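Chain by chain, the residues run as shown.
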Amino acid sequence: PAGIKKTLCICYVVLVLRLMSCSIFFTGYVLLHVACLLCLQVKHGDATLTQHLPEILFPWRSMIVKGDGTVRRVKRDWVIPPINVPENSRGQFPEDLVRIRSDRDKNWMLRYSVTGPGADQPPTGIFIINPISGQLSVTKPLDREHISNFHLRAHAVDLNGNQVENPIDIVINVIDQNDNRPEFTHTVFNGSVPEGSKPGSFVMTVTAVDKDDPKTANGMLRYKILSQNPQSPSSNMFTINNKTGDIITVAAGLDREKVTQYTLIVQATDMEGNPTYGLSNTATTVIRITDVNDNPPEFTTDTFSGDVDENRVNVIVANLTVTDKDQPHTQAWSAVYRIVAGDPTGRFSIPTDPTTNEGLLTVVKPINYEEKRSFMLMVEAQNEVPLARGIHLPRQPTVTVSVRILDVNESPEFSPNPKSIKLEEGLPAGSLLTTFTAQDPDRFMSQNVRYSKMYDPANWLQIDPFNGRISTIAILDRESPYVKNNQYNVTFMATDGDPAANGTGTLQIYLMDINDNAPHVFPPEVEMCEKPGPNAINITASDPDLSTNAGPFAFDLVGRPLDVRRNWTLSHLNGQSGVSGGGTRLLIARRCVCLRLQLRQGKSSTTPPAGRNQNEASTITLAHLCSAVLVLLFVMWMKRRDKERQAKQLLIDPEDDVRDNILKYDEEGGGEEDQDYDLSQLQQPDTLESECMKVGIRRLDERPLHHKHQYPLRSAAPHPGDIGEFIHEGLKAADNDPTAPPYDSLLVFDYEGSSSTAGSLSTLHSSSSCEDQEYDYLGDWGPRFRKLADLFGGGDD
């Protein structure tokens, strides 16, 4: 028992101590070693002595005899089998796993340890080892899904820490337990399959995962379908591969027009589908039945009809309606219409309305009622995609469409349009040119056509409203600005029926030129300077007629008066001469006396050239005269300005008050003491004392040249302090001053004052005043001004 072992241990220790005291050293050492072993074994309990744990020995066994007769141990390399530990153990912890031992522990005291993840590395503390006995234990339950195995290394050292064995590798495998249910990758799986699919057609795959070991039954899953909704046309329309999760069809009869989708409940079970021991989970699968073109479009009626006015285009005649059981707004539902008979010239088209799937019978080419009054069309309807394989129809769906053309009043048509004629210009008014008529295309209507003029820019023509005869009302002139490139255009209008229909036609008149314009002389009037020597001018002529009716021109002098031929001559510069019809133009020539203007400078002079005419000489003479007048006016203005400047003088008397005058200060001083200002001049004249009056001083550089005038003295104001009266008296004195300059003259005010009587601005009291002031009246203005009155009226204290 443990109690007896403790007692024996104590006795051995006491005995050893006594023997050592008696110098029996060797015996004491042996007994002490045995006592320590007993104590350690007692400390770790009876399990160490009683339990038989599997042992792992450090691998060395072979011996080699050396040449000197000594024996050396040689270690062998071997693989230590892994240790299997079940996960989720519920035993008492720490739980012993294995004992690690070295056969050297018979002769030395050894210490054991383990290293690696799970021991001294994260996650630390899962595995521990008894350093004395080498017993390896696990401290808590293991989770294979977290860590499936551990790789540790065992070490053996002596009491001094010296390695006595090479480390050995220990692999601990966590044995899987069925502790996880299967989990589907999605809560709801969505798939699809075309309608009409054959049995065995693939639909979709469902997938579940299990965290348990897939190499064991714990992670081996099996699938099955628990339910199907709706159960039409059969309760088993689908099946599932129990290992892969593939869902396939097992029955025919999938029809989207009857059942659009199916809902399946799928189950996954581990333990290879064992319903007793396996864990299960479920998921929902939605299978949508996709549409295929297994239904052709069908017309809602056998015949359609419509009316349309003649000559109208892009007009809907009739709406063709169909029904289709396929899914709306898909290629299997959308209809395509085609005219198979009744429209050989392609006058109609049938586009599809994408919203209603109707066929819109539309006129795309104008239809003349006089040519064709009705149409009988055969129309066929198909889908955008062909029908699915295996679906056969006895015939393609067709329908008959009857179209009636309505007669309307059409506009009269001129023929030909435009109409061209060629005439000579100069036809007199009332001449018949041509007949321009229009025809009514409405052969089945009795209507009269009336004519009128729409556009005639020169107003040369008129048209008979009943028969379309065109005649002139003015002379046709090719040289008119309304004629372009010898052509004149007039537009006429023809009207018939009720309501009226209008048609227009253009008459193009090509005007041939005749010699109906006399030449024009340029310039029409000239002046020539009468002077010694020859004097000439060039004369040209032009004619608006064409070249055959224009030049060359003949020039000649008139016979009367007789002195024309005596004083003038005419010659041809280009050597051409000849006379052509068209008329005569006169040139007016005047003879005048030329003025000779000489501008002398030193000994040189300039005379106008002999060829300059009288107009040019007159212009130059007038320009020089204007320049001389401007120079004279400028000199007179400068003299007057100097005279006014010399006559300008100070408007006030030096002894008069100058506080209302503008003073010009043209320097900046260093302070009040540097300025010769008399602030007392700013006070009222009536209240100034004699010692406060100052005399104005004129600037020396602006002293007037004439003698000083005595200005009239201003009378004192009737009431002291009346500034208005003071200003009035000053104005009166200025008005009565005979030497004063005009009121709009520039006045110079040059009074600067003698000195400043103002004291330092650092004090509120100023000694510049000529008498004390009363500030008691400020107290009536309010508390703020009352404080100001106390400050200024308080006296020296």
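Residues numbered from 1 in each chain as written. Predicted model: local features only at pLDDT ≥ 70, side-chain atom pairs only at ≥ 80, totals over all residues. Heavy atoms only, no water.

Under an unreviewed UniProt entry, the name given to the protein is Cadherin 2, type 1, N-cadherin (neuronal), and the source organism is Takifugu rubripes. A UniProt comment under Function (unreviewed entry) is attached to the protein, and it reads "Cadherins are calcium-dependent cell adhesion proteins." (UniProt positions renumbered as here; feature names shortened; annotations may be inferred.)

Draft legend 1. Just the overall build of the protein, in detail. Looking only at helices and strands, the protein has 7 helices and 41 strands in total. A separation of at least 24 residues holds for 66% of the contacts in the protein among residues at least 6 apart in sequence. Of the accessible surface of the protein, which amounts to about 50700 Å², a share of 53% is contributed by carbon and sulfur atoms. (Helix = DSSP H or I, 4+ residues; strand = E, 2+ residues; numbered from the N terminus. Contact = heavy atoms within 4.5 Å. Areas by Shrake-Rupley, 256 points an atom, 1.4 Å probe, with all protein chains shown as cover.)

Draft legend 2. Looking closely at the sheet that holds strand β8 (residues 135–138). On the basis of which strands lie adjacent, the open sheet formed by 4 strands has the order β1-β5-β8-β7 and mixed pairing. Looking along the sheet, the strands with just one partner apiece sit at the ends: β1 (55–57) and β7 (127–129). Direction aside, neighbouring strands of the sheet carry axes that sit 25 degrees apart on average. With 4 bridges joining them, strand β5 (residues 95–101) and β8 adopt antiparallel strand pairing. Counterpart to R99 in the pairing with β8 is Q135. (Pairing = 2+ DSSP bridges. Axes fitted to C-alpha atoms, helices over the stretch in contact; angles between N-to-C directions.)

Draft legend 3. The pattern of salt bridges, seen in detail. Enumeration according to the criterion identifies 15 salt bridges in this entry. With a shortest N-O distance of 3.0 Å, R144 and D176 are connected by a salt bridge. Placement of the pair is R144 in the loop between β8 and β9 (149–158) and D176 in the loop between β10 (163–175) and β11 (183–184), with a sequence separation of 32 residues. D176 matches R144 in its accessibility class, with the two residues each being buried. One salt bridge connects D456 with K453, and the closest N-O pair in it is separated by 3.1 Å. Among the residues examined, D456 registers a relative accessible area of 12% and is labelled buried. (Salt bridge = Lys/Arg side-chain N within 4 Å of Asp/Glu carboxyl O. Buried < 20%, exposed > 50% of the residue type's maximum accessible area, 1.4 Å probe, protein only.)

Draft legend 4. Main features of the side chain of E380. Relative to the helices and strands, E380 resides in strand β27 (residues 374–383). A distance of 2.7 Å separates polar atoms of two side chains, one belonging to E380 and the other to R338. A distance of 3.0 Å separates a polar atom in the side chain of E380 from a polar atom in the side chain of Q382. Once residues lying within four places of it in the same chain are set aside, the contact partners of E380 are F299, V336, Y337, R338, V340, Q396, P397 and T398. (Polar contact = N/O pair within 3.5 Å; in protein donor to acceptor, adjacent residues only side chain to side chain.)

Draft legend 5. Looking closely at the sheet that holds strand β4 (residues 83–86). Here we have 4 strands laid out as an open sheet, ordered β4-β10-β9-β6, and mixed in their pairing. Of all the strands in the sheet, just β4 and β6 (110–115) have a single pairing partner and so form its edges. Strand after strand, the sheet turns through a mean of 30 degrees between neighbouring axes, direction not considered. Sheet analysis places β9 next to β10, joined by 8 bridges and oriented antiparallel. Bridge pairing in β10 places L152 opposite I170.

Draft legend 6. Region of the structure containing the nonpolar core. Counting 27 residues, the largest nonpolar core has I100, F127, L142 and I172 as the members making the most contacts within it. Every element with two or more residues in this core is listed here: β4, β5, β6, β7, β8, β9 and β10. Those residues in contact with F127, other than ones at most four positions away along the chain, are L97, G118, A119, L136, S137, V138, L142, F150, L152 and I172. Of all hydrophobic cores here, the second largest spans 24 residues; its members include V308, Y337, Y369 and I405. (Core = buried A, V, L, I, M, F, W, Y, C linked by side-chain atoms within 4.5 Å.)

Draft legend 7. Structural context of the confidence of the model for the protein. With 66% of its residues at a pLDDT of 70 or more, the protein shows a mean pLDDT of 76. Within the protein, the element-level pLDDT minimum falls on helix α3 (residues 47–50), averaging 37, and the maximum on strand β18 (residues 261–269), averaging 97. Segment residues 39–51 is flagged for pLDDT under 50; beyond a separation of four residues in sequence, or across chains, it makes 12 contacts in the model. In this model residues 61–66 is a low-confidence stretch, pLDDT under 50, and it forms 17 contacts with partners more than four residues away in sequence or in other chains. (pLDDT = per-residue confidence, 0-100.)

Draft legend 8. Geometry of the pairing of strand β12 (residues 188–194). Alternating residues of β12 divide into F189, G191 and V193, all buried, and V188, N190, S192 and P194, none buried. Two strands pair when backbone bridges link them, and β12 and strand β19 (residues 280–290) are joined in this way by 7 bridges, in the parallel orientation. Pairing of V188 across the sheet is with T284, part of β19.

Draft legend 9. Structural detail: a nonpolar patch on the surface. The grouping of Y777, W781, F785, L788, L791 and F792 at the surface amounts to a nonpolar patch, some 600 Å² of accessible area in total. Counting through the fold element by element, L788 comes out in helix α7 (residues 783–793). Residue classification places L788 among the partly exposed positions, given a relative accessible area of 33%. (Patch = residues over 30% accessible without salt bridge, like charges linked within 9 Å, V, L, I, M, F, W, Y side chains within 5 Å.)

Draft legend 10. Structural view of the packing of aromatic side chains. For the structure on display, the rule yields 12 aromatic pairs. Measuring from ring centre to ring centre gives 6.2 Å for F299 and Y337, while their planes differ by 50 degrees; the resulting arrangement is tilted. Within this pair, whereas F299 is found in strand β20 (residues 298–299), its partner Y337 is found in strand β24 (residues 335–341), the two being separated by 38 residues in sequence. Ring plane angle 35 degrees and centroid distance 4.6 Å describe the contact between W460 and Y488, whose orientation is recorded as tilted. Taken together, the residues W460 in the loop between β33 (450–455) and β34 (461–463) and Y488 in strand β36 (residues 487–496) connect sequence positions 28 residues apart. The buried category is assigned to W460, whose relative accessible area is 6%. Through pairs of rings, three or more aromatic residues link up here, namely F414, F436, Y451 and F492. (Phe/Tyr/Trp six-rings, centres within 6.5 Å; stacked < 30°, edge-to-face > 60°.)

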